[in-house]
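Take a look at the letters that make up each chain.
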Amino acid sequence: MNAEVFNQEHILVDQTATTQEEAFQVIADFADQLGFVQDKQTYLEGLKEREKEATTGFKDHIAIPHCKSTTNLKPGMFLVKFEQDIPWNALDGKPVNVAFALTIPEEGSAEHLKLLSLIARKLIDQNFREGVLNENDPEKLTEIIDQIAF
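The sections below set out a description of the structure shown in this document.

Cut-offs used in this document
Residues numbered from 1 in each chain as written. Predicted model: local features only at pLDDT ≥ 70, side-chain atom pairs only at ≥ 80, totals over all residues. Heavy atoms only, no water. Buried < 20%, exposed > 50% of the residue type's maximum accessible area, 1.4 Å probe, protein only. Helix = DSSP H or I, 4+ residues; strand = E, 2+ residues; numbered from the N terminus. Pairing = 2+ DSSP bridges. Salt bridge = Lys/Arg side-chain N within 4 Å of Asp/Glu carboxyl O.

What follows deals with the pairing of strand β4 (residues 76-86). Of all 11 residues in β4, 8 are buried; the element is thus mostly enclosed. Where β4 and strand β5 (residues 96-105) come together, 7 bridges link them in antiparallel fashion. Opposite Phe78, over in β5, you have Ala101 as the bridge partner.

Structure below.
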């Protein structure tokens, strides 16, 4: 995994969110703090708009919220672990505990949408999913995520 797109600093454990709206706010704030978005409110709205098209809730408590927008300054991936179950309308009906959130800039978006499919493909691997869900050490989580070749 490209360290500019994802590194250990891109991992957040959130204790506050209890709804999808709050989860999106946490993600937008985090992406903004790390300098990946020009305007966190625009990114937040983009996440919500994308979710209206179809759920980003994958399965086994994992979601991949993302949006393509001019407010996204550079491609990024953030791993957010929620301490509380987040109702999400996921494909399997389960609440979400882990989000792989993406910032996808308008420029070069095809290349970065490839990252989305790489994550989705990796999530089919049960060992990968269990590692992401059960591991809380940022260093070990980074090693797990680095298996996604981008």
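The next subject is the environment of Pro65. Positionally, Pro65 belongs in the loop between β2 (62-63) and β3 (66-69). C-alpha of Pro65 to C-alpha of Gln8: the two residues are 57 residues apart in sequence and 19 Å apart in space.

In this section: the pattern of salt bridges. Summed over all chains, the structure comprises 7 salt bridges. Taking the shortest distance from any N to any O, the salt bridge between Glu21 and Lys48 comes out at 3.1 Å. Taken as a pair, Glu21 in helix α1 (residues 20-33) and Lys48 in helix α2 (residues 40-53) lie far apart in primary sequence, 27 residues in all. When its relative accessible area of 41% is taken as the criterion, Glu21 is described as partly exposed. Residue Glu45 is joined to Lys48 by a salt bridge in which the shortest nitrogen-to-oxygen separation is 3.5 Å. Here the residue Glu45 and the residue Lys48 both occupy positions in helix α2, the gap between them amounting to 3 residues, near one helical turn.

Further remarks concern unusual backbone geometry. A positive phi angle is found at Asp60, which is not glycine, with a value near 55°. Turning to its location among the elements, Asp60 is positioned in the loop between α2 and β2. The class of Asp60 is buried, set by a relative accessible area of 18%. Positive phi, close to 70°, is recorded for His61, a residue that is not glycine. In this fold, His61 is placed in the loop between α2 and β2. For His61, a relative accessible area of 25% translates into the label partly exposed.

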